[in-house]
Amino acid sequence: MTDIRSRALTAAGYPRGFKWGVSTSSYQIEGGHDADGRLPSIWDTRCRMQGKIANGDTGDVACDHYHRYPEDIALMKALGLDVYRFSVAWPRILPKGKGRVNEKGLDFYDRLIDGVLEAGIEPWLCLYHWDLPQALDDLGGWPARESAGWFADYAAVCCRRYGDRVKHWATFNEFAVFTLFGYCIDWSAPGVTDREAHLKAIHHANLAHGMGVDVIRDLVPGASIGAVHNRQVVWPEKDTDADRRAAALLDAHWNKAFPDPQLLGHYPDLIAETIAPYVQAGDMAQICRRIDWFGLNHYGPIFARDEPTATWGFHWGAAPDDADKSDIGWPIWPAAFRDELIDLTRTYKLPIYVTENGMGGNDKVDDKGEVNDATRIRYLTLYTDAMKEAIAAGADVRGYYVWSLLDNFEWGTGYQNRFGLVHVDYETLKRTPKASYAWFRDAIAAARKAEAAV
Ligand code: FCB
C-alpha cells in the first residue's frame, strides 16, 4: 500500500497533481444515431424493443452532443476541468463493426478531441461503453471468441487516428455491468439470459481487454492505459445463509470477474471452475497485461438476495428501508466508497482514478430559470469527503471525475433520471448549469489554490 506519509497532501487534502474531470459516454449523449454513416448498435436495437426502456425513450437524439459539442466543451472549460473522459461509438467508426472504416465518424472525434485540447483539457478516451455494433451481435457478439479480435482491430483504428493527441486510454467501461445485465439479467443489451453465453461473454471481454492493451501499447507512444471497473460492496438483503451465498456470488461477478484476471492473473474462486471450459491455454497471460491505472466507477453499495429461478440463483436485493437514498432510490453510503478505495489500493496496487461518481435526481428548472440541486451537492460533498478520508488512510487516488457533465439517456430508465451537473431540456436541448456545477467549479478552484500554496 502506498505510504501516505511519503506523499505530501495539500491543505485541501489531495496529493499534488490530482486531476478533476467529468465523464460521459457516446450512446448516452451523442444522438445523431444515423448521422454520417453510423449504423445501429445493440442499444439502438434494444431501445426499439417494446417495454425495455422507460417511456419508450431512445438515444436517437439524446443531448445532440454530436452537433452541439462546441457548447459542451465551453461548459467544461468554464468548470476548470483537467480531464474529459468520453467514449467512442464503435458503430460510427466501423458501422458494421469490422471492415470498412467510416471517415466521417472518425472526423467527429477529431473535431471533439481538438476542441477539448484547445480548451486546455486532457481527453481520456474509452473504447467501449456498451454500444456494440449490431452487425457484430448478429455474428454472435461477446459470446463469440472472435469478438476479442474484432475489438483489437477497432482499437487499432482508433489508436492510429487519435494516438498522436490522446495519451490516456481506457479499454472498457464496466465489464461486469454489460456482461451481467446483457447476458444474465436482461437489464442491458442484448438482453440474453443464458449461463453459457454469460460465461463466454465474461471471458471474451477479458481477452479483448488484454489484446486491446497490447494494441494501444504498440501504437500509441507514451500511452497511459487503464480499464474502468464498477466496484461496490455487495451485502445480503437479509441476514440468512441463502442471501449471504447470493451476495458472495454476485460479488464475484460484479467486483472480481474482471479485475482479478486482468491484474492478478486468475478468476475468483467462486467462478473459476464454471468458466474453466472456455479458457484456453495462454489466455490468462494474454488477459493479464501491465496497465497504468485502475478506473473506479462507484455509486453506492448493492444488495443481493437468493432467487433460485434466476440464471445464477441470485438477484438484486433491496436496500434497507431506512437507508439514506438519492432521489432515484440508490443508497447513499460514503463509508462504503472510502473502504472501497482503501481496499482497491491494497488488492490491485495501482493508482486509482475515480472515473465515475454522481447522483441521479429529479432536478427541475425553477421559476427563476435555475436548477437548485441541493441533494446532488450534498452527495458530492459526502463522497469527496469520504475520498479524502481514504487518501489520508493511504489510498492511492489520483483523480475524481463526476458522472456526468450533462443530464443524459440513462440505460433502462431513459431520460427520467438526471445525473448531470448541467440540466438538459429534452424539448429544446437547452443547457442550464445547475447549482452543483457552480459547487464543482468552486471545489476545483479551491483544491488548485491549496495546491499552489504547498
Ligand atoms: C454507470 C454507467 C454510466 C451511467 C451511470 C449512472 O454504471 O457506466 O453509463 O449510466 O452508471
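Everything numeric here is computed off the predicted structure, so don't read it as measured data.

**Q** If you had to explain the overall build of the protein chain to someone new, which residues and values would you point to?
**A** Scanning the protein chain from N- to C-terminus turns up 16 helices and 13 strands. Referenced to the eigenvectors of the C-alpha coordinate spread, the extents of the protein chain come out at roughly 55 × 50 × 45 Å. Residues counted as buried form 61% of the 454 residues belonging to the protein chain. Long-range pairs, those at least 24 residues apart, make up 77% of the contacts in the protein chain between residues at least 6 apart in sequence. Taken as a whole, the protein chain presents about 16,800 Å² of accessible surface, with 51% of it coming from carbon and sulfur.

**Q** Please give an account of the site of the ligand that cites residues and values.
**A** Neighbouring the ligand are Gln 28, His 129, Trp 130, Asn 173, Glu 174, Asn 297, Tyr 299, Glu 356, Trp 403, Glu 410, Trp 411 and Phe 419. Within the side chain of Asn 173, an N or O atom sits 3.0 Å from an oxygen atom of the ligand. Trp 411 places a polar side-chain atom, nitrogen or oxygen, 3.0 Å from an oxygen atom of the ligand. The residue makeup of the shell around the ligand, split by class, is five nonpolar, four polar and three charged.

**Q** Break down the pairing of strand S10 (residues 352-356) for me, citing the residues and quoting the values.
**A** Both faces of the sheet carry side chains from a regular strand, because those side chains alternate between them. The element S10 is largely enclosed, with a buried count of five among its five residues. As judged from the three bridges shared by S10 and strand S11 (residues 397-403), these two strands associate in the parallel manner. Counted as the bridge partner of Tyr 353 is Gly 399 from S11. Of the crossover connections in this fold, the one passing from S10 over helix H15 (residues 374-392) to the parallel S11 is right-handed.

**Q** Go over the sheet that holds strand S8 (residues 302-306) with me, naming the residues and quoting the values.
**A** Across the sheet, three strands lie side by side as S6-S8-S9; this open sheet has mixed pairing. Each end of this open sheet is capped by a strand with a single partner; those strands are strand S6 (234-236) and strand S9 (314-316). Within this sheet the neighbouring strands show an average axis-to-axis angle of 40°, counted without direction. Looking at chain direction, S6 and S8 are connected through three bridges and run parallel.

**Q** Tell me about helix H9 (residues 195-219), and please be specific about residues and values.
**A** Residue pairs spaced three or four apart in an α-helix point in one direction, given the helix's 3.6 residues per turn. Taking 1.5 Å per residue, 25 residues should reach 36 Å; H9 reaches 36 Å between its end C-alpha atoms and fits that length. Between a side-chain oxygen at the N-terminus of H9 and the backbone nitrogen of Glu 196 the separation is 3.3 Å; the capping residue is Asp 194.

**Q** Break down the pattern of salt bridges for me, citing the residues and quoting the values.
**A** Enumeration over the complete set of coordinates arrives at 39 salt bridges. In this structure, Asp 292 and Arg 290 form a salt bridge, with 3.3 Å as the shortest nitrogen-oxygen distance. With a relative accessible area of 23%, Asp 292 lands in the partly exposed category. When salt bridges that share partners are traced, they join Glu 103, Asp 107, Asp 110, Asp 114, Arg 161, Asp 164 and Arg 165 into one network.

Cut-offs and rules
- Residues numbered from 1 in each chain as written.
- Predicted model: local features only at pLDDT ≥ 70, side-chain atom pairs only at ≥ 80, totals over all residues.
- Heavy atoms only, no water.
- Helix = DSSP H or I, 4+ residues; strand = E, 2+ residues; numbered from the N terminus.
- Buried < 20%, exposed > 50% of the residue type's maximum accessible area, 1.4 Å probe, protein only.
- Contact = heavy atoms within 4.5 Å.
- Areas by Shrake-Rupley, 256 points an atom, 1.4 Å probe, with all protein chains shown as cover.
- Near = heavy atom within 4 Å.
- Polar contact = N/O pair within 3.5 Å; in protein donor to acceptor, adjacent residues only side chain to side chain.
- Nonpolar A, V, L, I, M, F, W, Y, C, P; charged D, E, K, R; others polar.
- Pairing = 2+ DSSP bridges.
- Right-handed = clockwise from strand over helix to strand, strands pointing away.
- Axes fitted to C-alpha atoms, helices over the stretch in contact; angles between N-to-C directions.
- Expected span 1.5 Å × (residues − 1).
- Salt bridge = Lys/Arg side-chain N within 4 Å of Asp/Glu carboxyl O.

Everything listed here is a matter of geometry and, on its own, says nothing about what the molecule does.
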